[in-house]
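Per-entry structural report
Okay, here's what each chain looks like letter by letter:
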Amino acid sequence: MGGRAGFSLGQIAAALGAALDGDGARVVTAVAPLASAGPADISFVTDGRYLKDARASRAGAFLAPLDIGELPAPALRCRAPRVALAQLLGMFHPAPPATAGVHPTAVVAPEARVHPTASIAALAVVAAGAVIGARARLFPLVYVGENAEVGEESVLYPSVVIRDGVRIGRRVVIHPGAVIGADGFGYAFDGTAHRKIPQVGGVVIEDDVEIGANATVDRAMLGQTVVRHGAKIDNLVQVGHNVEIGEHSVLAAQTGVAGSTRIGRYVVMGGQVGIGDHLTVGDGAQLAAQAGIIADVAAGERLWGMPARPVVQAKRIAIAAVELPELLRRVRAIDRRLRRLEARLGMEGDDRPAS
Amino acid sequence: MGGRAGFSLGQIAAALGAALDGDGARVVTAVAPLASAGPADISFVTDGRYLKDARASRAGAFLAPLDIGELPAPALRCRAPRVALAQLLGMFHPAPPATAGVHPTAVVAPEARVHPTASIAALAVVAAGAVIGARARLFPLVYVGENAEVGEESVLYPSVVIRDGVRIGRRVVIHPGAVIGADGFGYAFDGTAHRKIPQVGGVVIEDDVEIGANATVDRAMLGQTVVRHGAKIDNLVQVGHNVEIGEHSVLAAQTGVAGSTRIGRYVVMGGQVGIGDHLTVGDGAQLAAQAGIIADVAAGERLWGMPARPVVQAKRIAIAAVELPELLRRVRAIDRRLRRLEARLGMEGDDRPAS
Amino acid sequence: MGGRAGFSLGQIAAALGAALDGDGARVVTAVAPLASAGPADISFVTDGRYLKDARASRAGAFLAPLDIGELPAPALRCRAPRVALAQLLGMFHPAPPATAGVHPTAVVAPEARVHPTASIAALAVVAAGAVIGARARLFPLVYVGENAEVGEESVLYPSVVIRDGVRIGRRVVIHPGAVIGADGFGYAFDGTAHRKIPQVGGVVIEDDVEIGANATVDRAMLGQTVVRHGAKIDNLVQVGHNVEIGEHSVLAAQTGVAGSTRIGRYVVMGGQVGIGDHLTVGDGAQLAAQAGIIADVAAGERLWGMPARPVVQAKRIAIAAVELPELLRRVRAIDRRLRRLEARLGMEGDDRPAS
């Protein structure tokens, strides 16, 4: 009945709300990609482009879109096959249960409040005044600073650092080595040296956010740096002080957002995007990988390049740039031909040669 | 008298050396931004651009430049309002005192020397031969390797790693997860594989340097990688082996400096700048975000783009690039018109068409 | 006889297989760069470009290429001087021996298997089912997750995180703070929110790989992310889920490789390179620093720029771009001159002015 023994296609169809096309009693014991799946596996075709690969697959069953063509094994047809795949993988790979309680080698300040159902692993540190919610899980070597809060069912992987006063919502996942609440990068130049501007604000991470390995989210100078509900932040991303990341926005790896910039909702960024400080990026904007954002971005805009421009324009420029060296030669030749014509017609000197 | 009870405007004026314009007995209890400040707060106008916002603010007092216009509450006028703001925030948010001594769960080698006023928190590790100076503070889970030195009043936040032999000066602040002294990236290709060149040099971090969360400063192959007095390095920055960062230079987040490059004094870099190896960047140079530096940079130069060019030139090129696709069409049309003229005048073939 | 007492030039010549040009009995006690070497040091000239510096050096001996000119002190001539330098540094700076055994403050699950010759330092954590091979070395504060494997003689520096099920080969070196096996960045958008796609695959790091400080290598969604034999990955690099990095490829700092991309063998990447998802980079390709790869790359290609183009083409475009603003003016002037000629010949209107 569990993951090890497998599930019948009927069970899976019921769990995913899928239309089953085949024998509901057939049992599959694992999820596997099309190329490596065998008769005991269920595989997936999230998109018609993979139909050919599916037809060559030896999988015992398929998760597939509603409108897919014929398949060589029973199919579970779903309206949203990627969402169904997420569910399917969760069925076969349930999160391992954490043992509630505090490991004897963890260092939990007496003034901290740890919910009895929370799991605090070996060598984790929870400082005075910190609050750890129900069923929250701290892996080994995690640090939670003074008065910080970690909400229900949130998971902090090994070596995560949550500095003092940071508030982490519910069902938040923070991957290893991420640092939440380090000082923002703020200085006042006194004519000789950079004097540190104390960073006395905080960070709020709302519910259902995920933050990647070794990512950094700085605390505000005053007020709060905020990552809103459902936003997803990949590895090695930098979020500067006083930034706001809107609900359900997605930032791919190594992207950086400079201080006080506001990112709207449902914004999508590729990897290595850079966004300047004090800017606004509107809802639903899409910023391609390595885009350099140096001005506000309107809602729904799709930008690419450095400096970032509308994708269609940026592509046209990139294509035209290839012809630029030849264009220079061509214009020089045109200039010569024109001078010859002007000479023939006695029109020299009417216009300065454009050199 | 302390932060909780607040300060009178007279006290603040005296501490900041500010000219007070209003009632010196008025007490403020917190520092707040213009938009959220209330009558018990002091806010700040670091720049005339915020005058309108200041006039709409309900703040009980303002820190302001000398020449600012009229404000709706008492003003403390300063020559350098950002520097004064740094001081003001320090008054209201004094750094919490650390408890001197070694936490019982810290692992300090008997051969290490820890000053009795230093604070070594839970689960920190100090290896043999390491020296921790007076009033230095190691947060939990910090590692200080063999024979490394941490100077007076320096602060190492949680999960910082200082490898063996690294020398950290006084009043240095290193944010969580930063790694100082990992091996430089050096190999010799033997025709089949990359053979590691042992990285047997060290790292010197001079006084008053700040290094951001998850930043990395590599040890030298031989000799030292050096970050000079007062330099400020943001999160996720990479400093390669044998690099020298000059005094009071500022590197914003995700910038990378490749091996053996020398950065002068008072250089300022935006985020995600990349600088090649074995280059020299002169004093006071300014490198805009995402700049790609592939050649030496003269003192005082201001560069932008990839490849980096003088800012004025790079902006002209970026503006002109928008017209490039149209320019290609236009030159083709000119060529046609010219050929027609040449045909009319019997001058065809005098010049190869520049195609 | 050891590093402290130094080596005779005869000993060094024998160890490196070098031809000695001078007195084999002379003893040198350290390796130093040309500029700072003294008479008791051996220095190195890996390349004829440094001959002038070598002639000015006070070094007591030199490592040099076979065909170098005359030097002011005995020379050890080698076919591959950089490889010899790697060996020479290893002679003078042998890796310090680690103490076999488990430090009493380490937390090793009873169900883990730790080879008796392995070294598990203070406050390291080894979870249930993990296997640590012979002579492997875990520095303090390292985490090795459930069922992960660390091969013989591999070194995990402080604060490295190896998540569950990851397989690390032999003689692998992982620098501080690197995270291997964090979840890949995969979501299914359900129309409102991003639903996490469980990342249930693993990571395989083959033998002789080196991974830099704070780098991240994500686990696969299904199957494995693979870093093949001898590959070298620098600090702060991101390797996405299901990526394959080929044998002996080199990725400089802050480079990012997006999901499911395959990098061939002997590929070389400069710093801050970005490579899109589901791409293929052929064997021996060379990608210059900050290159942006948005399409497959053929074997042996050398690319530069964003978007990346063949180096020769990209350089021509970069040089031509400087003339672009002037070119626009010139073409406008040409258009005016042409219109005047057309007017003189009564040919106006034959062609639409290309504006």
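Everything discussed here concerns the structure shown above.
Quick look at the structure, then. Because the structure is predicted, anything quoted here is derived from the model rather than measured.

Some points on the relation of the copies chain A and chain B
- Laying chain A over chain B is done by rotating through 120° and shifting 0.0 Å along the axis; what remains is an RMSD of 0.1 Å. Overall, the copies show the geometry of a three-fold rotation axis.

Some details on the pairing of strand 27 (residues 224-227) of chain C
Residue and element names in this part refer to chain C.
- Inspection of the sheet shows strand 24 (residues 202-205) paired to strand 27 by 4 bridges, in the parallel sense. Along strand 27, the bridge assignment pairs I205 with V227.
- Taken together, the 2 bridges between strand 27 and strand 30 (residues 244-245) define a ladder with parallel strand orientation. Paired with V227 across the two strands is I245, which belongs to strand 30.

Observations concerning the packing of helix 1 (residues 9-16) of chain C against helix 3 (residues 81-92) of chain C
All names here are of chain C.
- Between helix 1 and helix 3, the shortest axis-to-axis distance is 10 Å and the interhelical angle comes to 125°. One finds that helix 1 runs oblique with respect to helix 3. Relative to helix 3, helix 1 is oriented so that their crossing is right-handed. Contacts between helix 1 and helix 3 involve I12, A15 and L16 from the former and A84, Q87, L88, M91 and F92 from the latter.
- Within the contact of helix 1 with helix 3, the residues separate by chemical class into 7 nonpolar, 1 polar and no charged.

Remarks on the interface of chain A and chain B
- Contact with chain A, which involves 69 residues of that partner, is made by 65 residues of chain B.
- When chain A packs against chain B, close to 5,600 Å² is buried across both sides, 68% of that on carbon and sulfur atoms.
- At the junction of chain A with chain B, the criterion picks out 5 salt bridges.
- One salt bridge in this structure joins E323 of chain A and R332 of chain B, with 3.8 Å as the shortest N-O distance.
- At the junction of chain A and chain B, the tally comes to 21 residue pairs in polar contact (both at pLDDT 80 or more).
- If you list the elements that add at least two residues to the side of chain A that touches chain B, you get strand 21 (179-182), strand 22 (187-189), strand 23 (194-196), strand 26 (216-218), helix 4 (311-321) and helix 5 (324-344) of chain A.
- Considering every element that reaches the side of chain A that touches chain B, the biggest residue donor is helix 5 of chain A, with 13 residues.

Here's the deal with empty space enclosed by the protein
- Inspection of every chain in the model, using the stated rule, returns 5 cavities of 30 Å³ or more.
- In this structure, the largest cavity spans a volume of roughly 1,000 Å³.
- Residue lining of the largest cavity: 42 residues in total, with M306 and P307 of chain A, M306 and P307 of chain B together with M306 of chain C positioned closest to the centre.
- Sorting the residues of the lining of the largest cavity by element identifies helix 4 of chain A, helix 4 (311-321) of chain B together with helix 4 (311-321) of chain C as the ones contributing at least two each.
- Broken down by class, the residue content of the lining of the largest cavity amounts to 27 nonpolar, 12 polar and 3 charged.
- By volume, the second largest cavity is sized at about 90 Å³.
- Around the second largest cavity, the lining is made up of 15 residues, and of these S159 and G177 of chain A, S159 and G177 of chain B together with G177 of chain C lie nearest the centre.
- Taken together, the residues that form the lining of the second largest cavity break down as 6 nonpolar, 9 polar and no charged.

Some points on the side chain of N214 of chain B
- Considering the arrangement of structural elements, one finds N214 of chain B in the loop between strand 25 (210-211) and strand 26 (216-218).
- Side-chain polar atoms of N214 of chain B contact the backbone oxygen of G177 of chain A, separated by 3.1 Å.
- A distance of 3.1 Å separates a polar side-chain atom of N214 of chain B from the backbone oxygen of N214 of chain A.
- Not counting chain neighbours up to four residues away, the residues in contact with N214 of chain B comprise G177, V179, N214, A215 and T216 of chain A, P176, G177, A178 and L236 of chain B together with N214 and L236 of chain C.

A word on the interface of chain A and chain C
- The partner chain C presents 69 residues to the 65 residues of chain A that form the contact.
- Between chain A and chain C the total buried area reaches about 5,600 Å² when both faces are included, carbon and sulfur atoms providing 68% of it.
- Taken together, chain A and chain C are joined by 5 salt bridges.
- Viewed at the interface, chain C and chain A are joined by 21 residue pairs in polar contact (both at pLDDT 80 or more).
- Elements with a contribution of two residues or more to the side of chain A that touches chain C: helix 3 (81-92), strand 28 (232-233), strand 31 (250-251), helix 4 and helix 5 of chain A.
- The dominant element in the side of chain A that touches chain C, judged by the number of residues it contributes, is helix 5 of chain A, at 12 residues.

A short note on unusual backbone geometry
All names here are of chain A.
- A cis amide bond links M306 to the next residue, P307, at an omega of 0°.
- Structurally, the position occupied by P307 is in the loop between strand 39 (302-304) and strand 40 (309-310).
- In this structure, N214 takes a positive phi of about 55° despite not being glycine.
- You will see that H278, though not glycine, has its phi angle at about 60°, which is positive.
- Looking at the secondary structure, you find H278 in the loop between strand 35 (274-275) and strand 36 (280-281).

Describing the pattern of salt bridges
- Taken as a whole and assessed by the stated rule, the structure comprises 66 salt bridges over all chains.
- Between R228 of chain B and E244 of chain B there is a salt bridge whose closest N-O contact spans 2.9 Å. Of the two residues, R228 of chain B is situated in the loop between strand 27 (224-227) and strand 28 (232-233) and E244 of chain B in strand 30 (residues 244-245); the sequence distance between them amounts to 16 residues.
- The class for R228 of chain B is partly exposed, based on a relative accessible area of 24%.
- On the basis of relative accessibility, which here comes to 16%, the residue E244 of chain B falls in the buried class.
- One salt bridge in this structure joins R195 of chain C and D190 of chain C, with 3.4 Å as the shortest N-O distance.
- By relative accessible area, which is 32% here, R195 of chain C ends up partly exposed.
- On the accessibility criterion, D190 of chain C (35% relative accessible area) is partly exposed.
- Taken together, the salt bridges that share partners define one network made up of R163, D164, D183, K196 and R219 of chain A together with E210 of chain B.

What counts and what doesn't
- Residues numbered from 1 in each chain as written.
- Chains lettered and ligands numbered in written order.
- Predicted model: local features only at pLDDT ≥ 70, side-chain atom pairs only at ≥ 80, totals over all residues.
- Heavy atoms only, no water.
- Least-squares fit on C-alpha atoms with pLDDT ≥ 70 in both.
- Pairing = 2+ DSSP bridges.
- Helix = DSSP H or I, 4+ residues; strand = E, 2+ residues; numbered from the N terminus.
- Axes fitted to C-alpha atoms, helices over the stretch in contact; angles between N-to-C directions.
- Parallel < 35°, antiparallel > 145°, perpendicular 65-115°, else oblique.
- Left-handed = near helix turned anticlockwise from the far one by under 90°.
- Contact = heavy atoms within 4.5 Å.
- Nonpolar A, V, L, I, M, F, W, Y, C, P; charged D, E, K, R; others polar.
- Buried area = accessible area lost by both parts, 1.4 Å probe.
- Salt bridge = Lys/Arg side-chain N within 4 Å of Asp/Glu carboxyl O.
- Polar contact = N/O pair within 3.5 Å; in protein donor to acceptor, adjacent residues only side chain to side chain.
- 1 Å grid on protein atoms, 1.4 Å probe; cavity = no way out; pocket = protein on both sides within 12 Å on 5 of 7 lines; lining within 4 Å.
- Points joined across faces, edges and corners; volume = space filled by probe spheres on them.
- Buried < 20%, exposed > 50% of the residue type's maximum accessible area, 1.4 Å probe, protein only.

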